[in-house]
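A structural walkthrough
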Amino acid sequence: MAIGSKRVEKRQPKYGSDLIVDLMRALDIEYAAFNPGATFRGIHDSIVNYGGNTKPEVIFCCHEEYSVAMAHGYAKATGKPMAAITHDVVGLQHATMAMFNAWCDRVPIIVMGGTGPMDTARRRPRIDWQHTALVQGNIVRDYVKWDDQPFSIRSVPESLIRGYRIAMTEPKAPVYICYDADIQEDEIKEAIDIPDITRFAPPSPLQADRESLQRAAELLVKAKAPIIIADYFGRNPRAVPALVELAELLAIPVVDKGWRFNFPNTHPLDITYGSKEYLRKADVVLGLDVQDLYGALVEVTRTTRVCEYVTPPTARIIHITLNEMLIRSWAGDYHALQAVDVPICADTSVVLPELTRVCRDLLKKETGAKKVIASRFQAIKEHHDGLRKKWSQSVQQQRGECISVPFLASELWSVIKKEDWVLVSRDVNNWGRKLWDWTQPYQYLGGSGGSGVGYTLSAAIGAALAYRGSDKVCVDIQPDGDLLMTASALYTAAHHKIPLLIVMHNNRSFYNSEEHNLKIAQSRSRPVEGAAIGTHVDNPSVDFKKVAEGFGVYAVGPIGRGEDLRPAIEKALAVVKNKKLPALVDVIAEAR
Ligand SMILES: Cc1ncc(C[n+]2csc(CCOP(=O)(O)OP(=O)(O)O)c2C)c(N)n1
Ligand SMILES: [Mg+2]
């Protein structure tokens, strides 16, 4: 049961905010994460005193950026939205970067806000004026799918039910709904019914047209060197077996771009971190929900930003995606324009089984295909096995003074592989995917989407919240710079007893930026020592054990010697498993 919860059996909404809480329950919104604010004190009171602090339950946060990022992680773990509530103008401004990440990552979140009173005659001097915008949604409109500010209590059900439906319709994305303080706080004068929510379900997934399916299947069946690139395909984890089936049918190697779990790394057709030679000779490329298809086909020189195609110009390209359904002009998250021979705007989760069926039919007519496919499968398998072997043999314990990144990944694996684990953060420089066995689609949730730092810790806590009460062990490989941005999220994890194993990749640097600085200095023949200025976090270095303990989180570290690593992770895991609490291991590791 939630903190401070009282079960309220029968209830009649008295205030506008009571109705909002009834709607949240009808929509099965489990949690509302927020830092408090007067503009939504009505909703806050209703959640606690009217709703009994269950469905939604308050998730108490110290910063809006991470309340939204928590909802981001939760949505990826569950496939459905929770609410993040932001105080008027100022709380929403804190939330904006996290909303941008969720937008780019195509994740549903119900972001709520308070404002006003819009009725100037009912405003307090100064603060109510300063914190009321016309209209508040303006600041996020370019990176939410829809925003609204219902005009009256009567408009509230339509607004929230519509918002929920829009957020959950593919391509999914956050919505923002703002409630005037008066609408929340005024008494309801007439009965307002909540309609049957089940009749407002998102529409069924979009299937591809027959002609395009046929063209795609013909290209794939006739291809000598096909390749599949999957990106957001795995957002629907149930669809993953369909990709395995298609890949196996035609022996097509698969590159997983990693924004979701798209393909098991143990599968012989997985060539994710060894795809170059396959891209180079590809005659047919099948893209599945690739956000940046051009980027997936080219190689970039980092300092000069020169891009060159790896795939031959003769390669035919099929792309199945809903990208076209959600394009805005403000940020270029639609990416570079890429020529496509068979563009299909549809939902891959229903297209893939259908495409496989058409391929299977065509294959019957292809004499000798079976033999060709079997030998292609064998060659790819050898390549795949060779890569896995090479990676596992390359793991060294130390690099200089630090623990090596592959060793960090492999020691962590040796501890958690006996568990039903979920990697709820990004991978550590791809070493998790290279060394662990990723077999189940729920095991990896992907990165931030918008590459805004400050996502990882908070989203990991949000995903772990989704798994609270289950036997899953949630693991967050946590960069130091990211933690520093939203460190107070640790308080939320401790306060709400959210079990999460946080293993730090502490390179004492905002290293990505340091690396850029190194490269630019090198290219200009300038001293590279300066790259540390404004990037290193080592003078003083942060004592993350103390930081975590200060927020009430169990912590061990700093661990700088390889032999100390496994016992430290085991200790922390015991806290996560036995006490059902978060625990942090501070690991001093090499930069990359
Ligand atoms: C909000 C935000 N600020 C700055 C950046 C630029 N940036 C990209 S990666 C990075 C370094 C992050 O450091 P850390 O989380 O420790 O990861 P590391 O690169 O060291 O592995 C920075 C500052 C960003 N992407 N987002
Ligand atoms: Mg770092």
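A few points on the structure. (Residues numbered from 1 in each chain as written. Chains lettered and ligands numbered in written order. Predicted model: local features only at pLDDT ≥ 70, side-chain atom pairs only at ≥ 80, totals over all residues. Heavy atoms only, no water.)

**A closer look at the sheet that holds strand 13 (residues 342–345)**
What counts, and what does not: Two strands form a pair only when DSSP identifies at least two bridges running between them. Helix and strand definitions here come from DSSP, where helices need a minimum of 4 consecutive H or I residues and strands a minimum of 2 consecutive E residues; each element is numbered from the N-terminal end. Structural elements are reduced to axes, namely lines fitted to C-alpha atoms, with helices fitted over the stretch in contact, and the angle between N-to-C directions of any two is expressed from 0 to 180 degrees. Contact definition: two residues touch when any of their heavy atoms are within 4.5 Å.
Pairing in this open sheet of five strands is parallel, and the strands run 8-7-9-12-13 from one edge to the other. Either end of the sheet is taken by a strand with one partner, and the two such strands are strand 8 (254–256) and strand 13. Put simply, the sheet's adjacent strands are angled 15° from each other on average, direction ignored. As defined by bridge partners, strand 9 (residues 284–288) adjoins strand 12 (residues 316–321) across five bridges and the pair is classed as parallel. Counterpart to Leu286 in the pairing with strand 12 is Ile318. Here helix 9 (residues 240–250) sits on the sheet in contact with strand 7 (226–230), strand 8 and strand 9, set at roughly 170° to strand 7.

**With respect to the site of ligand 1**
For clarity, the cut-off: Any residue with at least one heavy atom within 4 Å of a molecule or strand is counted as near it. Pairs of N or O atoms within 3.5 Å make up the polar contacts considered here, provided that, within protein, one atom can donate a hydrogen while the other can accept it, and that residues adjacent in sequence are counted only when both atoms are side-chain atoms.
Taken together, 17 residues lie near ligand 1, and Ser451, Asp480, Gly481, Asp482 and Asn512 sit nearest. Contact distances for ligand 1 include 2.9 Å between an oxygen atom and a backbone N or O atom of Asp482. Elements supplying a minimum of two residues to the shell around ligand 1: helix 17 (480–485) and helix 19 (511–523). Ranked by residue count, the leading element in the shell around ligand 1 is helix 17, at four residues.

**Concerning the coordination of the magnesium ion (ligand 2)**
The condition that has to hold: Only nitrogen, oxygen and sulfur atoms within 2.8 Å of the metal, or 3.2 Å for Na, K and Ca, are treated as donors, and water is left out, so sites may look incomplete. Relative accessibility thresholds used throughout: buried, under 20% of the residue-type maximum; exposed, over 50%; partly exposed, between the two (1.4 Å probe, protein chains only).
Listed as protein donors to the magnesium ion (ligand 2) are Asp480 (OD), Asn507 (OD1) and Ser509 (O); their distances from the metal cover 2.0 to 2.1 Å. In terms of primary sequence, the donors binding the magnesium ion (ligand 2) are separated according to D-x26-N-x1-S. Linking Asp480 in helix 17 with Asn507 in the loop between strand 18 (500–505) and helix 19, this pair joins segments that are 27 residues apart in sequence. Asn507 matches Asp480 in its accessibility class, with the two residues each being buried.

**With respect to the side chain of Asp147**
Here Asp147 shows up in strand 5 (residues 146–148). For Asp147, the side chain forms a polar contact with the side chain of Arg141, separated by 2.7 Å. With sequence-adjacent residues up to four places away left out, Asp147 is seen in contact with Gly137, Arg141 and Tyr176.

**Description of the pairing of strand 17 (residues 473–479)**
Of all seven residues making up strand 17, seven are buried, and the element is well covered by its neighbours. Burial along strand 17 is two-sided: the face carrying Val473, Val475, Ile477 and Pro479 and the face carrying Cys474, Asp476 and Gln478 are both buried. Here three bridges tie strand 16 (residues 421–423) to strand 17, and the two strands are oriented parallel to one another. Bridging across to strand 17, Leu423 finds its partner in Val475. Bridge count between strand 17 and strand 18: five bridges; the pairing is parallel. Residue Gln478 lies in a different strand from strand 18, and its bridge partner there is Met504.

**As for helix 8 (residues 210–222)**
The following threshold applies: Given a helix with a known number of residues, its expected span is that number minus one, times 1.5 Å. Here the arc refers to the directions that run from the helix axis out to each C-beta atom.
Under the 1.5 Å per step criterion, the end-to-end length of helix 8 is 18 Å for 13 residues, consistent within 8% with the ideal 18 Å. Looking at helix 8, one finds that the buried residues are Ser212, Leu213, Ala216, Ala217, Leu220 and Val221. Down the axis of helix 8, the smallest arc covering the buried residues is 155°, so these residues share one side. Turned more than 90 degrees away from the buried face of helix 8 sit Glu211 and Lys222, all of them exposed. Where helix 8 is buried, its residues contact helix 9, strand 9, strand 12, strand 13 and helix 12 (348–365).

**Notes on helix 21 (residues 562–579)**
Over its 18 residues, helix 21 runs 26 Å from end to end, which matches the ideal 26 Å to within 8%, given 1.5 Å per residue. If you check which residues of helix 21 are buried, you get Gly562, Leu565, Ala568, Ile569, Ala572, Leu573, Val575 and Val576. Each buried residue of helix 21 lies within a common arc of 150° when the element is viewed along its axis, so the set occupies one face. Structural note: helix 21 exposes Lys571, Asn578 and Lys579 on the side pointing more than 90 degrees away from its buried face.

**What to know about the pairing of strand 6 (residues 175–180)**
The criterion, for reference: Orient the strands so they point away from the viewer; a crossover is then right-handed if the path from the first strand over the helix to the second runs clockwise.
Counting buried positions over the six residues of strand 6 gives six, a clear majority of the element. With burial as the criterion, each face of strand 6 is covered, one bearing Val175, Ile177 and Tyr179 and the other bearing Tyr176, Cys178 and Asp180. Pairing analysis gives six bridges linking strand 4 (residues 110–115) to strand 6, with the strands arranged parallel. Across the sheet, Thr115 pairs through a bridge with Asp180, a residue of strand 6. As judged from the three bridges shared by strand 5 and strand 6, these two strands associate in the parallel manner. Residue pairing in the sheet places Trp146 in a bridge with Val175 of strand 6. Since strand 5 and strand 6 lie parallel, the crossover through helix 6 (residues 156–168) that links them has a hand, and here it is right-handed.

**So, the sheet that holds strand 2 (residues 57–60)**
Strand order in this open sheet of six strands is 2-1-3-4-6-5, and the pairing throughout is parallel. On the outer flanks of this sheet lie strand 2 and strand 5, each paired with one strand and no other. On average, adjacent strands in this sheet sit at an angle of 20° to one another, irrespective of strand direction. Of the strands in this sheet, strand 3 (83–86), strand 4 and strand 6 are in contact with helix 4 (residues 88–104), which crosses strand 3 at around 135°.

**Regarding the nonpolar core**
Quick reminder of the rule: To qualify as a nonpolar core, a set must consist of buried Ala, Val, Leu, Ile, Met, Phe, Trp, Tyr and Cys residues joined through side-chain atoms within 4.5 Å.
Counting residues in hydrophobic clusters, the biggest one holds 57 residues, and the most contacted among them are Met99 and Leu584. Every element with two or more residues in this core is listed here: strand 1 (31–34), helix 3 (64–78), helix 4, strand 6, helix 16 (456–467), helix 18 (489–495), strand 18 and helix 20 (544–550). Looking at which element gives the most residues to this core, the answer is helix 3, with eight residues. The contacts of Leu584, once residues within four sequence positions are left out, are Leu483, Ile502, Met504, Phe544, Ala548, Val553, Tyr554, Ala555 and Val556.

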